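Each chain, written out:
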Amino acid sequence: MSDTVPVVVPDIGDFEQVDVVEVLVAVGDDVSVDQSLITLESDKASMEVPSPAAGRVVEIAVELGGQVGEGDLILTIEAADPPAEEPEVAAAPPEEPKPPHAEAAAAAPAPAPRPSSSRRRRPPPPAGSGPATSTSPPHASPGVRRFARLLGVDLTRVSGSGAKGRILLEDVEAFVKDVMTGRGPQGEGAGIPPVPEIDFSKFGPVESKPLSRIRKLSAASLHRSWLNVPHVTQHDEADITDLEAFRRAHLHEARERGVRLTLLAFLMKAVAASLAEFAEMNSSLAPDGESLILKRYFHLGVAVDTPDGLVVPVVRDVDRKSVYELAGELGEVSGRARERKLRPADIQGATFTISSLGGIGGTAFTPIVNAPEVGILGVSRAVRRPVYIGAGLAPRLMLPVSLSYDHRVIDGAYAARFTSHLCSLLADIRRVVL
Ligand code: CAO
């Protein structure tokens, strides 16, 4: 047979009355031993009153915002089992209330109130059950709320490791630490709701593959750019029929010079010439957002696909080098990238980036700007197709280009002019030398 267990306010130290600042259960709730029932707050400390028994709440005698004193009835539990004789009592720091009096026995006294910061840390709740993904307000004691307010932490972003996902002081501290060290998952701290963690093994077999160092580094920098830069992508296409004929005509000579003359070397040359015309595309926003830093040098980052992930070596002074020199340098640096032999200086100083997937395929894509650069050119696979020239159709080799840009710095019209200019240079590469 089940017993009815009245739970009363334990010894609250020197205080006659304290405020009820949280009521954490409702009539009909099943509670377990040690589960927090209410939070009391004095002007010195806040304390949670844990349940002395497992069972169902049948009556609540306190009100949120009301006041209670020692021995007052908090609520009544219909116990599933006899009440625990000696519930575990967490050690309280000196300034916190004393343990309950032994003689407070007419009704089952609640175990010692627990200062919210002195509890054992529990593992975080399963994904989806924590406050960050719940629609109900996060559970946290007033002290923790005050602490979070002081640091400007939005508690809905913090996963609680206490009972029933309750947020503890340590959770707020850990959250702040993660944000400060850039380890916050999924942009936490930037006001972005985290993606819920899912135990995929519930749905089928899985295996865990550690990320390479390169992938982790590029993930962090791509994520940073994605979050900081308002992106727009301008798509265009260039008629490279004549350029391709020119390239093919020089393949033999290039081979004799020991270089592989791909389209990319010409693209680099045309991009550098376009950047010289469109200086803002070769700039960075000053950190205070008050001015643009226009760069008078033309160093191009080139995205290279390696077995370990994406790396972006930099080819310097592209405007001053011949296409053969660029082709040679590109082959050398992308080879070293794939052999993991790049030095830190090889990946620094780019003013603009080219990401070419043309050797693989695709018709268009939206590359992510490599901030603090303000533009990146994506290149897809050139396709020969019929194009109207005047009144007649002619087979032309068309190269799709996709320029992503930082819309804080570059207007759409400027970007469209840039890609038009670039395409006109690619259509007649002789114009680069003009
Ligand atoms: N259209 C059609 N064919 C193209 C082409 C294009 N736009 N670009 C290259 N090709 C051809 C080349 O001419 C070459 O053909 P051949 O073997 O017949 O000579 C072939 O595709 C392979 O080229 P490549 O990719 O080896 O050489 P590349 O100079 O064009 O590119 C490099 C070098 C390092 C950029 C490239 O190998 C690479 O790694 N690309 C992937 C970059 C990447 O991952 N970007 C995505 C980043 S996420 O934003």
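Everything here concerns the structure above.
Predicted model, so just to flag it, every value in this text is computed and none were measured.

**Student:** Please clarify how the side chain of histidine 299 should be interpreted in this entry.
**Tutor:** For histidine 299, the position within the fold is in the loop between β13 (292–294) and β14 (300–302). Here aspartate 317 takes part through its backbone nitrogen, which lies 3.0 Å from a polar atom of the side chain of histidine 299.

**Student:** Mind showing me how you'd approach the pattern of salt bridges here?
**Tutor:** Oppositely charged side chains can pair when the atoms bearing their charge come close. Overall, the coordinates contain 19 salt bridges when judged by the stated rule. Ionic pairing is found between arginine 145 and glutamate 22, a salt bridge with its closest N-O pair at 3.1 Å. Taken together, the positions of arginine 145 in helix α1 (residues 142–151) and glutamate 22 in strand β2 (residues 18–23) put the pair 123 residues apart, joining distant regions of the chain. In this structure arginine 145 comes out as partly exposed when scored by relative accessible area, which is 27%. Residue class for glutamate 22 comes out buried when judged on its relative accessible area of 8%. By sharing partners, the salt bridges in this structure join Glu22, Glu48, Arg145 and Arg166 into a single network.

**Student:** I keep staring at the packing of α1 against helix α2 (residues 169–180) and nothing clicks. Help me out?
**Tutor:** Two numbers describe a pair of packed helices, the interaxial angle and the distance between the axes. Between α1 and α2, the least distance of the axes is 9 Å, while the angle of their chain directions is 20°. Compared by their axis directions, α1 and α2 come out roughly parallel. When you trace α1 past α2, the crossing you get is right-handed. Two secondary-structure elements touch here, α1 through Val144, Phe147, Ala148 and Leu151 and α2 through Leu169, Val172, Glu173 and Val176. Of the residues that constitute the contact of α1 with α2, the class distribution is seven nonpolar, no polar and one charged.

Criteria and thresholds
Residues numbered from 1 in each chain as written. Predicted model: local features only at pLDDT ≥ 70, side-chain atom pairs only at ≥ 80, totals over all residues. Heavy atoms only, no water. Helix = DSSP H or I, 4+ residues; strand = E, 2+ residues; numbered from the N terminus. Polar contact = N/O pair within 3.5 Å; in protein donor to acceptor, adjacent residues only side chain to side chain. Salt bridge = Lys/Arg side-chain N within 4 Å of Asp/Glu carboxyl O. Buried < 20%, exposed > 50% of the residue type's maximum accessible area, 1.4 Å probe, protein only. Axes fitted to C-alpha atoms, helices over the stretch in contact; angles between N-to-C directions. Parallel < 35°, antiparallel > 145°, perpendicular 65-115°, else oblique. Left-handed = near helix turned anticlockwise from the far one by under 90°. Contact = heavy atoms within 4.5 Å. Nonpolar A, V, L, I, M, F, W, Y, C, P; charged D, E, K, R; others polar.

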